Amino acid sequence: MDRITSDPSMQKIIGLKRYEANKPVKNSAKEGNSGPEKQDAVSISQESRIFSEKVENLKATVKNEVSDARSAKLEEVQEKLETGFYEKDEIAEEVADKIIAAFKTKA
C-alpha cells in the first residue's frame with residue numbers, strides 16, 4: 001500500500017494527497033489578517049441550565065428510591081434465610097418451579 005501512496009502518479013489517480021508529518025498547515029484565509037483571532041464560544045440558556053439541574057435531581061431521586069427498595073428487599077431475604085423460610089419443602093419446590101419456568105422462556 002505504501003508503494004501506491006508514495007507514487008505521485010498513483011496519488012493523482014486515486015485522489016490521495018500525502019502530507020509530511022509534523023509539518024504545520026497554513027490557513028490561507030488567515031494569512032495577512034493581523035487582527036485578533038476569533039474564538040468559538042458556546043452559550044447555554046438559563047432555561048437549559050434549569051432543565052439540566054431538574055434532570056440531574058430526578059436521576060438522583062430515582063437512584064435513591066431504587067437503592068432503598070433494593071435494601072428493603074435484601075433485608076427481607078436475609079431475614080427469611082435466617083428464620084429458615086427457604087428450607088420448607090413447598091417453598092423449595094415453588095422456587096425450583098420458577099427457576100425452571102425462567103429457563104423455558106429463554107430457550
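Everything here concerns the structure above.
Owing to the predicted nature of the structure, the values given are computational and were not obtained by experimental measurement. (Residues numbered from 1 in each chain as written. Predicted model: local features only at pLDDT ≥ 70, side-chain atom pairs only at ≥ 80, totals over all residues. Heavy atoms only, no water.)

Peer 1: Is there a simple way to think about helix α4 (residues 89–106) in this case?
Peer 2: For an α-helix, 3.6 residues make a turn, and residues three or four places apart therefore share a direction. With 18 residues, α4 extends 26 Å from end C-alpha to end C-alpha; this agrees with the ideal 26 Å at 1.5 Å per step. Across the 18 residues that make up α4, only a small minority, one, are buried. (Helix = DSSP H or I, 4+ residues; strand = E, 2+ residues; numbered from the N terminus. Expected span 1.5 Å × (residues − 1). Buried < 20%, exposed > 50% of the residue type's maximum accessible area, 1.4 Å probe, protein only.)

Peer 1: What is the right way to look at the pattern of salt bridges in this model?
Peer 2: Pairing is possible between side chains of opposite charge, provided their charged atoms come close. Enumeration over the complete set of coordinates arrives at three salt bridges. Note that Lys80 is salt-bridged to Glu76, the shortest N-O span being 3.3 Å. With a gap of four residues between them, Lys80 and Glu76 both fall in helix α3 (residues 46–83), about one helical turn apart. Given a relative accessible area of 25%, Lys80 falls into the partly exposed group. (Salt bridge = Lys/Arg side-chain N within 4 Å of Asp/Glu carboxyl O.)

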